[in-house]
Structures are given as C-alpha cells and as structure tokens.
Amino acid sequence: MNLQTPLTHIKGVGLRTAEQFELSNLRTVKDLLYFLPRKHEDFSEVTKIADLAPGKRTIRARCESITTRNVRRGIKVTTAILADDSGKLQAVWFNQAYRMTQLKDSAQEFFFSGEFEFNYNKYQLTNPSAEKVNELPIQTDRLLPIYPAVKGLKSQLVRKILTELRSLITMLPETLPAAVVSSQKLVSINQALMGMHFPTTQHDVKKARERLAFEELFELLLASRLNKQANARLQSWKIDFESSVIKTFVDSLPFTLTDAQRRAAWDILQDISGESPMNRLLQGDVGSGKTVVATIATRQVVNAGYQVAILAPTEILATQHARTMADLLEQYGVTVGLLTGAVKTKNRQALLDNLKDGSLNVIVGTHALLEPSVQFHKLGLVAIDEQHRFGVQQRQRLLDKSKRMPHLLSMTATPIPRSLALTVYGELDVSIINQKPADRKPIQTKIWSPVSRKELYLAIDTQLQQGRQAYIVCRLIDDNPVNEAKSVQAEYKKLQNSIFGHRRMDLLHGKLKPAEKEAVMRQFLAHEIDILVSTTVVEVGVDVPNATVMMIEDAEQYGLSQLHQLRGRVGRSSYQSYCYLVTSDTKKPSQRLREVEKSNDGFYLAEVDLALRGPGEVYGRAQHGALNLQIASLADTRLIAKAQRAADEFIQSEDDLLQYKQLSANVEKYQRLTTLN
Ligand code: ADP
Ligand code: MG
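Calculation rules
Residues numbered from 1 in each chain as written. Chains lettered and ligands numbered in written order. Predicted model: local features only at pLDDT ≥ 70, side-chain atom pairs only at ≥ 80, totals over all residues. Heavy atoms only, no water. 1 Å grid on protein atoms, 1.4 Å probe; cavity = no way out; pocket = protein on both sides within 12 Å on 5 of 7 lines; lining within 4 Å. Points joined across faces, edges and corners; volume = space filled by probe spheres on them. Helix = DSSP H or I, 4+ residues; strand = E, 2+ residues; numbered from the N terminus. Nonpolar A, V, L, I, M, F, W, Y, C, P; charged D, E, K, R; others polar. Domains from an automatic or database assignment. Expected span 1.5 Å × (residues − 1). Buried < 20%, exposed > 50% of the residue type's maximum accessible area, 1.4 Å probe, protein only. Near = heavy atom within 4 Å. Polar contact = N/O pair within 3.5 Å; in protein donor to acceptor, adjacent residues only side chain to side chain. Areas by Shrake-Rupley, 256 points an atom, 1.4 Å probe, with all protein chains shown as cover. Pairing = 2+ DSSP bridges. Right-handed = clockwise from strand over helix to strand, strands pointing away. Core = buried A, V, L, I, M, F, W, Y, C linked by side-chain atoms within 4.5 Å. Lys, Arg positive; Asp, Glu negative; His and termini not counted. Salt bridge = Lys/Arg side-chain N within 4 Å of Asp/Glu carboxyl O. Contact = heavy atoms within 4.5 Å.

Peer 1: Explain empty space enclosed by the protein residue by residue, including any values.
Peer 2: The rolling of a water-molecule-sized probe over the atoms marks out the regions of remaining empty space. Taken as a whole and assessed by the stated rule, the structure comprises four cavities of 30 Å³ or more. In this model, the second largest cavity occupies a volume close to 90 Å³. In this structure, the second largest cavity is lined by Ile316, Thr319, Gln320, Arg323, Glu518, Met521, Arg522, Leu525, Val542 and Val544. For the lining of the second largest cavity, the secondary structure elements donating two or more residues are α12 (315-329) and α18 (514-525). A breakdown of the residues in the lining of the second largest cavity according to their chemical character gives five nonpolar, two polar and three charged. Split by domain, the lining of the second largest cavity shows at least three residues from each of two domains, domain 3 (243-433) and domain 4 (444-599).

Peer 1: Please provide a residue-by-residue account of the domain arrangement of the protein, values included.
Peer 2: Per the domain assignment, the segments of the protein are domain 1 (1-41 + 155-170), domain 2 (44-135), domain 3 (243-433) and domain 4 (444-599). Computed from C-alpha atoms alone, the centre-to-centre distance between domain 1 and domain 3 is 49 Å.

Peer 1: I'd like a rundown of helix α11 (residues 290-303), residues and numbers included.
Peer 2: For α11, with 14 residues, the first-to-last C-alpha span of 20 Å sits near the 20 Å given by 1.5 Å per residue. Extensive coverage of α11 is indicated by the burial of twelve of its 14 residues. Within the span of α11, buried status applies to Lys290, Val292, Val293, Ala294, Thr295, Ile296, Ala297, Thr298, Arg299, Gln300, Val301 and Val302.

Peer 1: Run through the site of ligand 1, naming residues and quoting values.
Peer 2: Every one of the 16 residues lining ligand 1 counts as a neighbour, but Thr256, Gly287, Lys290, Thr291 and Asp543 are closest to it. One of the backbone nitrogen or oxygen atoms of Thr256 is found 2.8 Å away from a nitrogen atom of ligand 1. Within the complex, 85% of the 570 Å² of free accessible area of ligand 1 lies under protein. In terms of residue class, the shell around ligand 1 is built from four nonpolar, seven polar and five charged.

Peer 1: Which residues make up the pairing of strand β19 (residues 547-552), and what values do they have?
Peer 2: Most of β19 sits inside the fold, with six of its six residues counted as buried. As paired strands, strand β16 (residues 469-473) and β19 are joined by five bridges and run parallel to one another. Note on β19: the bridge partner recorded for Ile472 is Met551. Where β19 meets strand β20 (residues 578-582), four bridges bridge the pair, whose relative direction is parallel. Of the residues in β20, the one forming a bridge with Val549 is Tyr578. For the crossover from β19 across helix α19 (residues 560-567) to β20, the handedness is right-handed.

Peer 1: Can you lay out the nonpolar core for me, pointing to particular residues and giving the numbers?
Peer 2: Among the nonpolar cores identified, the biggest contains 68 residues, and Phe21, Leu32, Leu33, Leu193, Phe214 and Phe218 are the most heavily contacted of them. Among the elements that line this core, the one with the most residues is helix α8 (residues 202-233), at eleven residues. Here this core spans two domains, since at least three of its residues come from each of domain 1 (1-41 + 155-170) and domain 3 (243-433). Residues Phe249, Val293, Val302 and Ala322 belong to the second largest nonpolar core, which totals 42 residues.

Peer 1: Could you give an account of the side chain of Asp84, with specific residues and numbers?
Peer 2: Looking at the element boundaries, Asp84 is found in strand β3 (residues 75-84). Among buried charged residues, Asp84 stands out as having no salt bridge; its nearest opposite-charge side chain is Lys48, 5.2 Å away. Reaching out from Asp84, the side chain makes a polar contact with the backbone nitrogen of Ser86 at a distance of 2.8 Å. In this structure Asp84 touches Thr47, Lys48, Ile49, Arg60 and Ala61, once residues within four positions along its chain are discounted.

Peer 1: Tell me about the pattern of salt bridges, and please be specific about residues and values.
Peer 2: Per the counting criterion, the structure on display carries 27 salt bridges. One salt bridge in this structure joins Lys56 and Glu41, with 3.8 Å as the shortest N-O distance. Linking Lys56 in strand β2 (residues 55-72) with Glu41 in strand β1 (residues 39-42), this pair joins segments that are 15 residues apart in sequence. Within this structure, Lys39, Glu41, Lys56 and Glu115 form a network of salt bridges that share partners.

This is the structure:
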C-alpha cells in the first residue's frame, strides 16, 4: 500500500463506502490522509458515572439491559441501562437498533462516548458510540477528530478507515526539506498527520496544525518567489522615460495629481524602462484616480511606438475608459478604439485590422479582447482594471498576444490586506494610492430603517433639488416570490408612480442589452436622468461625479467590500455625498453594516471582510477558491512571515527543490495558478 493506492483496496472500504468518499473527492490513500478534521472533541478522560457532569463524556461500563421500541413510523428508540462500580445511567440511541447485538453480552466492558445531557426529564447519555475496552479505541475514549461532513460523510466512517492506515502514516517520508523542519522547529510529517488523526493531547493537535499550515504557506510563498524570479528573467520592451512628454501631458490634465498618483506613475514609468516585464499591482480605493495613472503610462508607451490594451470587466466600464482615454490622449494624435461584444461585425473587422497593422494605438475592451482574432502589431502594455475579476488563464491569453512579454499593470479598488499581498499576490510589485483628490469630502454613511423610508426619499429629493443625482441599488432585477429582497423593476415602477413622479428616472440591470445599458449610462452621465435604479452592475468603476446619493436596499445582503465599492460610486466630486444602507427589516443592524457606517477606509474594511468571510468570498473563487488552502489561514500574519523567511532561505540555499517530490509538485501547481507569465 502507498499514497496512490485507491481507497477501494483498503480493508473495510466497499463500494458504498467508496461512493461516499468519492462525493468528498476522496479517492486515494493520500486524499484521505490529507482530509483533515475541522476540530477535535475531547472524549479522552474516563469519568465515573457517579461523577458525571453534563457535556461530552466517556464512561467505562457494562450494559445491564437493553430494549428497542418503535415510537413513530421510522423511528426506533433503543434504551440501555449502563453500570460501573459507582452507579448506573440510561443511554438512548435513535435508529441504531444494532446496539442490541453489539451490547448483548452484559459481562463485557465497553467505553461509551457521547453527550451527557438532560433530556425527556432525566439525565442520559445520548447516541454514544461504544467500543470494547480491550480493543484499540477508535470512536471512544480519545480526542475524537471531527471531519468535514460534506454530503453526509460520517466522521465515524473516516476514523474507522484511517485506523487501517495508521502504520502507513508512521512510515511516510518527510515532505519538507530537513533543514526547514529543523530550523523552523516543526514536527515531522508523520507526527503531524498522527497529530491530526490520532492525537493524544491538544498539544499534539496544535503542533500538527502549525506544521501543516506552515507547509501550505511555504509552498505558496515559494511559488510566488519563483514566479517573480522567472518574470525577472523574461525580456520585455524597454520603454524609456521621456520627461518632457510626460510633463506636457500631466500639465494638460484638468486637475493636479495627488502625490500618491505621482508616486504610482513614477513606479510604473521606472518599471517599463527596465529589461524585464513590469508586473505591478496598482491599488487604490474607489475614486482615488487610478485611471489617469494608467493613462500617463499609456501616453509614454504609445509615444515609444508600442500599443496598449486596457481590459475592463464590464461593457460600461470599458466604454467609460475608452472615452476618458480618448478625451485625454487624442490631442496628441493617439488613436483609441473600443472592442466589446456589442461592436458590430463590420466595425469590428476594421478595428482588428488597425490593431494588427499598428495604426490603432490603444484598445479598450472587455473579455472580447481575449479572442484569438484579436492580434497586435506591437503590444507594449496591458492594463487590467479590477484585476481580481479576471481568472489567471484569461490574463495569460492576453499576454500571449505579444512577441515579447508586454508590461503588465493590474488595477484594483478592492484593497488587499497585507497578508494576501504577501502570499497570493506575492509576485507582484505593489503601488498604493492612499490619498483621495484634495477636493473630496468624506462620504456620510447612515444605516436606515425601512420604516423611515419616506424621510429618506425626502432627503434624496433635496439633493436632486440642488441639481445632484442618485443611485438606488436593489438586489434583484424582478420581484421573486421566493426572495423578499427589493427588485429594480418593482422599485422603479413604484417610485416613478409616487414620490418621484416629478423626477426623471431610469433603470439598469444585467439583463438589458449592452447597447441599452450603454445608452442609460450615457444619459445618466449627461444628467438626463436624476435617479438610476440599478442592480450591482454599477458597482465597479463607473464614474458620474455629479451623483451624490447611493441608496442601497437590503444592504445586509452584501459583503463589506461590495458595499464599500458601491459607496464609491458617489463622493467623486467636491459635493458632499451620502450613502444610505437600508436594512430589510427593523432588527438591530449587523456588526458588518456598522463597520461600513463607521469607516470610509477600504483597507480596514477589507481586513474585516477577510476575517469574517475568508479570501474566497472576498476576492473571487476564480483565484482563491482554486488555491484551496486546507488548513492555513491567509489572515495568519505571524505564520506567513515565518514561512516567508523560510522560503527566502530555501531559495538562497544550495538545496534543489526537485528532489522533494511532493513539495515541488505543489509549488508548481501554485506557480501555474498565480503565474502571469
Ligand atoms: P478609480 O481609482 O476609482 O478608478 P477614477 O480613475 O475613476 O477612480 O477617478 C475618479 C474621478 O476622479 C474621475 O472623475 C477623475 O477624473 C477624477 N480625478 C482623478 N484624479 C484626480 C485629481 N488628482 N484631482 C481631482 N480629480 C481627480
Ligand atoms: Mg476605476
């Protein structure tokens, strides 16, 4: 038997058991060994019956009598009297009539582990597991591992089958380099897996968890270090910094750059003047002005004779960027094109031709840019807006379109906590715009009870009176009988026929045709609409400086970062802006909503969100779900720092990664997941 042995070859694993395991993606011995318990329940101490207190308990007793009766159709209750030399108690099982046979020998001593609780008017032991005292305990009398109960998988079953693998665990070869294990004072892989599945003490569990979590982070960090090194070895286009070109451009902007914008632009211009491709993440809270920074880089790249591709997650955003860039760049003879799914076949072909022969300098687009028909003459820079929305493969496809590796700029308004910046984004260089343009006033945010909606509408109307515009965001497009949440269609109709009858309203949602969406956004931008009722399609990047009110219905149904993003649609000018978080009911608002009310700091909210929901929810399944960390927490900064030091030491040492089979395979897997080259 080895790690690759199918589980079906193990004693006790029949077809049915194998099917059960299969549902949890457990196929081989290795899968099961690395199927880690979520927690351990302590049944290790044996208590005398006379001394029992309520809780999870183990007793050592004989079964004096046992009976089973049918209480209702399909429910069998088995009751037994258990005795030790201190006293007696009653044990009860539901639908486990086989206990009659198991416990029929009243001379045999058993360990019983279960919940001792007050039920049906007396103290009793509920559904205890039972094992003969002269056998190795599996389900009783120890720290019992509790496994993830995916699709009804029972911990009892996992424990039973793992018992068959015990001796294999003790023989497994070490997976980490010996130097790392000793310098980081880790337990061996044998001790770690024994400590997870067969611990004697909580200390065993702790050491085991730490070791396995370290290993995951070490692999992840090693992968990002190696990717960073590989990126540095690649050749890109060397685009020299021309200070007069940049100065002229910056001076022509309708505003003064913030210092943070200047620094970010400088970082980028430095990067692209090097031999190896830039791989930089530009982080800045919503409204901090990332687009213009990308435009400065674009100006330089085009001036040097290269093309630029800007990739955006939605049509609305792509269209907006194309317009912004054209406004700022066309005066310098730079040509800007827009490619989305909506562009008609005839125009499309012309666009593609111009792109291929190099007469088009800048192309802005959505996923449509990734298609094989899109070819460049000399692609120098790829800028990806809201980059966490693109999967790694999608980015790869874009980078493949250049003879040399183009420079890559990723932009995100979702602030990434430091722990994630080190691990998941470890191979990127990071620039942060931590400063809003000087004329901005902080947005005032208020949680609002739905019973006072009338007052809220009046407050909104006051803003409209003053010439401002408002967003009302709803969860649903249409009313839905199984979902109470408000819908765009219904709210739009209701408000247009009542309190906002005198206002120009329209609606926006994902089911509209791209051209329709586009038209609505254009009208809203031109202030031909006062109130836009919308789903979260307005979430990312949309820029209408005159809008000052963001009203979010059923606010508690959104994640923190998402609320912060939505709020960022307003507060984009010198006008005072407001964000109203309307709750679904009059219950006390959640801690999460209060965090958003209290703080305008996206970084802070991202940390809270990460702690509350985990990276998969916050940063998208595409990248982080695939990372599939079993045990390490990406919020564990202490362990991350430790793993980071170890990864650096390992890279500097003479040690060859390839001699560690499992380690190098995992590192390679992570490298492919996070790689941009
Ligand atoms: P985000 O970082 O959210 O992508 P944008 O790039 O859309 O932000 O910029 C938000 C708005 O702020 C735009 O209307 C932009 O023209 C404006 N803006 C950007 N930088 C400045 C600045 N330094 N001073 C004033 N307004 C600015
Ligand atoms: Mg933006």
